[in-house]
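Working through the structure, step by step
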Amino acid sequence: MATAEAGGDLRLSGVTKRFSAFTAVDGIDLTIAQGEFFAMLGPSGCGKTTTLRMVAGLEEPTEGSIHLGDLDVTHKKPYQRPVNTVFQNYALFPHLTIFENVAFGLRRRGVKDVKKQATDALDLVELGHLAQRKPAQLSGGQQQRIALARAVVNRPQVLLLDEPLGALDLKLRRQMQIELKRIQTEVGITFVHVTHDQEEAMTMADRVAVMNHGKIEQLGAPSDLYESPDTTFVANFLGQSNLVPGTRTGTDGGYVVIESHGQKARILQSRCVPGSDLLLGVRPEKIRIQEAGDEVPTGLNRLTGGVVVDASYLGVSTQYLVRLPWGQNLTVFSQNLGITERFRDGSAVTLAWEPDHSFGLAGDAAAGVDEEAAALAAAASAPQG
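Residues numbered from 1 in each chain as written. Predicted model: local features only at pLDDT ≥ 70, side-chain atom pairs only at ≥ 80, totals over all residues. Heavy atoms only, no water.

1. Brief notes about the overall build of the protein chain
- Within the protein chain, the regular secondary structure consists of nine helices and 20 strands.
- When its C-alpha atoms are laid out on the principal axes, the protein chain stretches across 75 × 50 × 40 Å.
- With 385 residues in all, the protein chain has 47% of them scored as buried.
- Across the protein chain, contacts joining residues at least 24 apart in sequence account for 67% of those joining residues at least 6 apart.
- When the accessible area of the protein chain is evaluated, it comes to approximately 18100 Å², of which 50% is carbon and sulfur surface.
- Taking the average location of the 37 positive side-chain charges in the protein chain and that of its 44 negative ones, the two points are 7 Å from each other. (Helix = DSSP H or I, 4+ residues; strand = E, 2+ residues; numbered from the N terminus. Buried < 20%, exposed > 50% of the residue type's maximum accessible area, 1.4 Å probe, protein only. Contact = heavy atoms within 4.5 Å. Areas by Shrake-Rupley, 256 points an atom, 1.4 Å probe, with all protein chains shown as cover. Lys, Arg positive; Asp, Glu negative; His and termini not counted. Charge placed at Lys NZ, Arg CZ, Asp CG, Glu CD.)

2. Points about the pairing of strand β1 (residues 10-19)
- With five bridges joining them, β1 and strand β4 (residues 63-68) adopt antiparallel strand pairing. Looking across to β4, one finds that Leu 10 is bridged to Leu 68.
- With seven bridges joining them, β1 and strand β2 (residues 22-32) adopt antiparallel strand pairing. Residue pairing for β2: Arg 18 is matched across the bridge by Thr 23. (Pairing = 2+ DSSP bridges.)

3. Some words on the side chain of Thr 16
- When you line up the elements, Thr 16 lands in strand β1.
- The buried category is assigned to Thr 16, whose relative accessible area is 3%.
- Ignoring any residue separated from it by four or fewer positions in sequence, one finds Thr 16 in contact with Thr 23, Val 25, Asp 26, Gly 27, Met 54, Pro 61, Thr 62 and Glu 63.

4. Looking at the sheet that holds strand β18 (residues 329-335)
- Strand order in the open sheet made by the five strands is β15-β19-β16-β17-β18, with antiparallel pairing throughout. Each edge of the open sheet is held by one strand with a lone partner, namely β15 (288-291) and β18. Sheet twist, expressed as the mean angle between neighbouring strand axes with direction ignored, is 45 degrees.
- Bridge count between β15 and strand β19 (residues 348-353): four bridges; the pairing is antiparallel. Bridging from a neighbouring strand, Gln 290 pairs with Thr 350 of β19. (Axes fitted to C-alpha atoms, helices over the stretch in contact; angles between N-to-C directions.)

5. Observations concerning the sheet that holds β4
- On the basis of which strands lie adjacent, the open sheet formed by four strands has the order β2-β1-β4-β5 and antiparallel pairing. Looking at strand neighbours, the two that pair on one side only are β2 and β5 (71-72), the edges of this open sheet.
- Relative to β5, β4 is paired through two bridges, and the arrangement is antiparallel. Residue pairing in the sheet places Leu 68 in a bridge with Leu 71 of β5.

6. Considering the domain arrangement of the protein chain
- By the assigned domains, the protein chain splits into domain 1 (10-225) and domain 2 (228-384).
- On a C-alpha basis, the centroid separation for the pair domain 1 and domain 2 is 37 Å.
- Counting each side, the surface lost to burial between domain 1 and domain 2 is near 1000 Å², with a carbon and sulfur contribution of 64%.
- Where domain 1 packs against domain 2, one counts zero salt bridges.
- For the pair domain 1 and domain 2, the interface holds six residue pairs in polar contact (both at pLDDT 80 or more).
- Taken together, the elements giving at least two residues each to the side of domain 1 that touches domain 2 come down to α6 (198-204), β9 (207-212), β10 (215-220) and α7 (222-227). (Domains from an automatic or database assignment. Buried area = accessible area lost by both parts, 1.4 Å probe. Salt bridge = Lys/Arg side-chain N within 4 Å of Asp/Glu carboxyl O. Polar contact = N/O pair within 3.5 Å; in protein donor to acceptor, adjacent residues only side chain to side chain.)

7. Some words on the environment of Trp 326
- With respect to the helices and strands, the residue Trp 326 is situated in the loop between β17 (317-323) and β18.
- Considered as a pair, Trp 326 and Ser 260 are 66 residues apart in the sequence and their alpha carbons are 9.6 Å apart.
- Not counting the four nearest positions on each side in its chain, Trp 326 is found in contact with Val 244, Ser 260, His 261, Gln 263 and Leu 303.

8. Overview of the pattern of salt bridges
- Summed over all chains, the structure comprises 13 salt bridges.
- We note a salt bridge from Arg 174 to Glu 199, for which the minimum N-O separation is 3.2 Å. Remark: Glu 199 occurs in helix α6 and Arg 174 occurs in helix α5 (residues 170-187); sequence separation between them is 25 residues.
- Judged by relative accessible area, Glu 199 falls into the partly exposed class, the value being 30%.
- Between Glu 186 and Arg 182 there is a salt bridge, with its nearest N and O atoms 2.9 Å apart. You can see Glu 186 and its partner Arg 182 sitting in helix α5, four residues apart, about one turn around the helix.
- Since its relative accessible area comes to 22%, Arg 182 is described here as partly exposed.
- Here the salt bridges share partners, and the residues they tie into one network are Lys 17, Arg 53 and Glu 59.

Have a look at this one:
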């Protein structure tokens, strides 16, 4: 199938949306490159869906402008924009065959070669053999792929996806993540994907905008956001982070030295915010867990005096909760290279990791934390009586 006609980047300039006294989107400036797979990630109420609806023409900005290349679409009706949207509920016509669902938009536009274009679109999502079935005869994953075929057959300049995988079970969601990226690569259309699921954003997107309270908290490639979060919200929302309160005590070469409860660690200066009161951050999978008293290789950061309070076998890894002497629990993911559990509840351990894997932040250590997951973790590590 041919790629979308050239139309230029999608640009949002100072876009704000207010509903009475509530500001849903607050002065967003954003450029999404033509042909990019872009994800807007954030919790419910952060403004991501409202932003998508303004691009689609379903909401009008209170302030700011939206351009597709040189075309100002800020005040244009949805049908006047080279944009299509795929929703979570698919919105297929139940009385039409799969072929007619895909061909519907083409017929409305008066396209002559409907059969070839609709067939090509069905072949793209690998469901051409189901062309004469009705939507009710398809699985959820198949219906989602038909909704995608119906959207891309019209060759929009931008395809908007609003939580498109939310109704699927975990296994289907992971399969569809791969399919979505494959389809986007083949057709070359700009995809803007709204989701609260970090795995979806990390798996598919070229770039991710993490949104919080109507603003973009951080924007970049998934690996950059994960490895080098700018804020505690991003560190906690995109994956899991251990954030240990401490105080800057000096420097050591290109590193900042931080002290926490009498224990010292180093952070690259380039990965540390200014200030004296800091949060020492490290991802759970970066940490090496070992028996207390075992020698720690020279140069590693270390936290001693830990006690395992929970060990959860996850197959490829084991998740440990380790309580430090000052009462804080840290999470550690340890790859299961053997066939027996190494540490059990009550084991005395030391935690160690490369200083280059540390990052130094400031602010609320609980920002962006999944409250339900945090409550379950707290319950798991609580003393049993």
